[in-house]
Amino acid sequence: MNFYKIILLISLFIINSYVYTEEPADNQNDLAYKEIISIYKNGDYSKVIEKIDSLLMNDNSFKQNYLVTTYYLKGLCYSRIRDFNKAVKNFELALKNNYLKEDIFYEIAQAYYALRKLFISQTFFEISYKKNYMPIHSLYYIAYIRQLSTQYELAIQTYQKIDEKNKNLFQVANYQIAEIYLLQSGEIKDYAVKKNEIKNKIIPQLEKARMINENSFQAKEIVSKIEFLKKRYQLNDNNYVNNKIKLLFQHKNEFDSNVIYQPEQPTARAEHQSSIKHDNIFKISKRLQLNDNYSSTPVLKLNYLYHSLHRNVPEVKRNDTYYINPKIDAARLHTLFNKPATTTLTTDYSYVAQDYYKESKLVFNNRTFSVYLEEKFHLFSTGESKVELKGKFYSARDYLTDYRVFSILLTQNTSIKRDYFLISMLNVDFTDSYKDTFNSQNSYMLKNDILISDLYKSINLNAGFGFTLTDTKKQQSTRGYEQNYNPSISLSKGFFNDFLDVKLNYEYVINISKDKTTYDYRRHVVGIELEIKNY
């Protein structure tokens, strides 16, 4: 993970309230200057710039007394609003006019760093360090710039000068030393030698960094890196304890105010009838490690869904369903953007039986074959990114409802702060009902979930909101562009070392359509879920 952005933000926060002040005389110019400083401290940086420019233009006396100081102030403000080109310009003007307040060298170094002008940035950080202004932060930047410039030995020596007085930077510095070791190991061609380097040098350095502050955000990233390396180079002491047979059982009880018939269909219809759903899921899987980079995971999932309320209504009873769902994942570990990444190819088959004839007898309803290609990587330092391409082929008892879907899913995980995570998803489905093109459609879904782990006494919160826009194509005249709004919330808590997980959930669905009878509906789903697993 690149921690330089985090350090940049921390540094800005630390020095945010510090600004050059003078002992003001009791005159109009000094009162104006005091007002500027007050606005700056309130964080209205754009207003500071406007105020300075107005005074410099209209008040020659102010310009004569405060011109050089205002270069510095404008530089600070432009840095805070992230206009670093203008920040550098003003800092340079201040320096040319012999404004040598100690923090200006650190400030201009940060601005050049943000512009990725690393050599000149390093020069100013070195001046700041020599002047003993923000010395630990300056050292970190110098080391990181040397690391980016592949001056690895110099970078390590500089990182090692950072001591425990700043615990966060001390941890990050030790993590970056491990990153350099890892980069250097990439030059090793012999697998056995590289594995030994990972085991005896890199992982111990990562562990050293982790133990500096085991509860920090960085520590979580370090743990992920250690696990990745152990898996890739087969270094787990228990020889992949995570590769044992995994068993999972879920039981869900949900009250659904508006049962949906065949929800896997692109033209799923609301029955406008409530029921209580009992969903039982059993899942078994085992990861097979083929070599240090490749693994395969066969999975079998069995599902039985039963409706116990209003069974006298045929439209409810026919939603009783069982699924048989085998699939297999083939995964490859690799690096992308110089960080861990995983490519996964998945083949997925599903056999579905329903009470098609409303006779309390489950018979074949449809089968689905799907192929997924997924890439997980770390494009941003804030969390994992995912791109998924999917082809789905649906074949039903009623052949006119056959369809195929091509989907694109983009997912970004963002760590907001410790235990707070945002998951953003954009999904596009292109559905081709080739046996009956009247039902072809395209849908566009945007969803955001906020996850808070350990909200209160190990209770986890998941709150989300989804919006889907559906282009009904040939049904535009009767259905129009359908809009679906889907807020949801769930609370969960693990027991017995997460052997048992209990979840309470609620979701509300609003589907807006021109067709008020079949596709325009409101739906509440509230339920409880029990999950038992051996991993």
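An account of the accompanying structure is given in this report.

What counts, and where the lines are drawn
- Residues numbered from 1 in each chain as written.
- Predicted model: local features only at pLDDT ≥ 70, side-chain atom pairs only at ≥ 80, totals over all residues.
- Heavy atoms only, no water.
- Phe/Tyr/Trp six-rings, centres within 6.5 Å; stacked < 30°, edge-to-face > 60°.
- Helix = DSSP H or I, 4+ residues; strand = E, 2+ residues; numbered from the N terminus.
- Buried < 20%, exposed > 50% of the residue type's maximum accessible area, 1.4 Å probe, protein only.
- Contact = heavy atoms within 4.5 Å.
- Polar contact = N/O pair within 3.5 Å; in protein donor to acceptor, adjacent residues only side chain to side chain.
- Salt bridge = Lys/Arg side-chain N within 4 Å of Asp/Glu carboxyl O.
- Pairing = 2+ DSSP bridges.

## What about the packing of aromatic side chains?
Argument step 1. Scanning all chains against the criterion turns up 20 aromatic pairs.
Argument step 2. When the ring of Tyr 106 is compared with that of Phe 125, the centres are 5.6 Å apart and the planes differ by 75°; the resulting orientation is edge-to-face. In this pair, Tyr 106 sits in helix α6 (residues 103–114) while Phe 125 sits in helix α7 (residues 118–130), placing the two residues 19 residues apart along the sequence. Across this residue pair, the class does not change: Tyr 106 and Phe 125 are buried.
Argument step 3. Aromatic side chains Tyr 112 and Phe 124 sit 6.1 Å apart centroid to centroid with 5° between the ring planes, which places their arrangement in the stacked category. Of this pair, Tyr 112 sits in helix α6 while Phe 124 sits in helix α7, and the two are 12 residues apart along the sequence.
Argument step 4. A relative accessible area of 7% means that Tyr 112 is categorised as buried.

## A few points about the environment of Lys 277
Argument step 1. Mapped onto the fold, Lys 277 is located in strand β4 (residues 275–285).
Argument step 2. Each C-alpha atom of the pair Lys 277 and Val 525 lies 9.8 Å from the other, and the pair is 248 residues apart in sequence.
Argument step 3. The contact partners of Lys 277, leaving out residues within four places of it in the chain, are Lys 252, Asn 253, Glu 254, Asp 256, Leu 305, Tyr 306, His 307 and Arg 523.
Argument step 4. Polar side-chain contacts of Lys 277 include one of 3.4 Å to the side chain of Asp 256.

## Some thoughts on unusual backbone geometry
Argument step 1. Residues other than glycine seldom take positive phi values, yet Arg 116 does so here, at roughly 65°.
Argument step 2. Along the chain, Arg 116 falls in the loop between α6 and α7.
Argument step 3. Positive phi outside glycine occurs at Asn 132, with the angle close to 60°.
Argument step 4. Position of Asn 132 relative to the elements: it lies in the loop between α7 and α8 (135–148).

## Quick notes on the pattern of salt bridges
Argument step 1. The tally for this structure, following the rule as stated, stands at 22 salt bridges.
Argument step 2. Between Asp 432 and Arg 404 there is a salt bridge, with the nearest N and O atoms lying 3.1 Å from each other. Remark: Arg 404 occurs in strand β11 (residues 403–417) and Asp 432 occurs in strand β12 (residues 420–432); sequence separation between them is 28 residues.
Argument step 3. Given the relative accessible area of 27%, Asp 432 is considered partly exposed.
Argument step 4. Residue Arg 404 is classed as partly exposed on the basis of its relative accessible area, which comes to 37%.
Argument step 5. If you follow the salt bridges from partner to partner, you end up with Glu 254, Asp 256, Lys 277 and Arg 523 in one network.

## A look at the pairing of strand β16 (residues 500–512)
Argument step 1. In this sheet, β16 lies alongside strand β15 (residues 481–495) in antiparallel orientation, the contact comprising 11 bridges. The residue of β16 that forms the bridge with Asn 484 is Asn 511.
Argument step 2. Hairpin connection from β15 to β16: four residues lie between these consecutive antiparallel strands, with Phe 496 at a positive phi of about 55°.
Argument step 3. Pairing of β16 with strand β17 (residues 521–533) involves 12 bridges; the strand directions are antiparallel. In the strand pairing of β17, Ile 510 is matched with Arg 522.

## Looking at the pairing of strand β7 (residues 321–336)
Argument step 1. The pairing of strand β6 (residues 294–307) with β7 spans 12 bridges and is antiparallel. By the bridge assignment, Thr 297 is partnered in β7 with Asp 329.
Argument step 2. The sheet contact formed by β7 and strand β8 (residues 339–354) spans 14 bridges and is antiparallel. The partner of Lys 327 across the bridge, within β8, is Asp 348.

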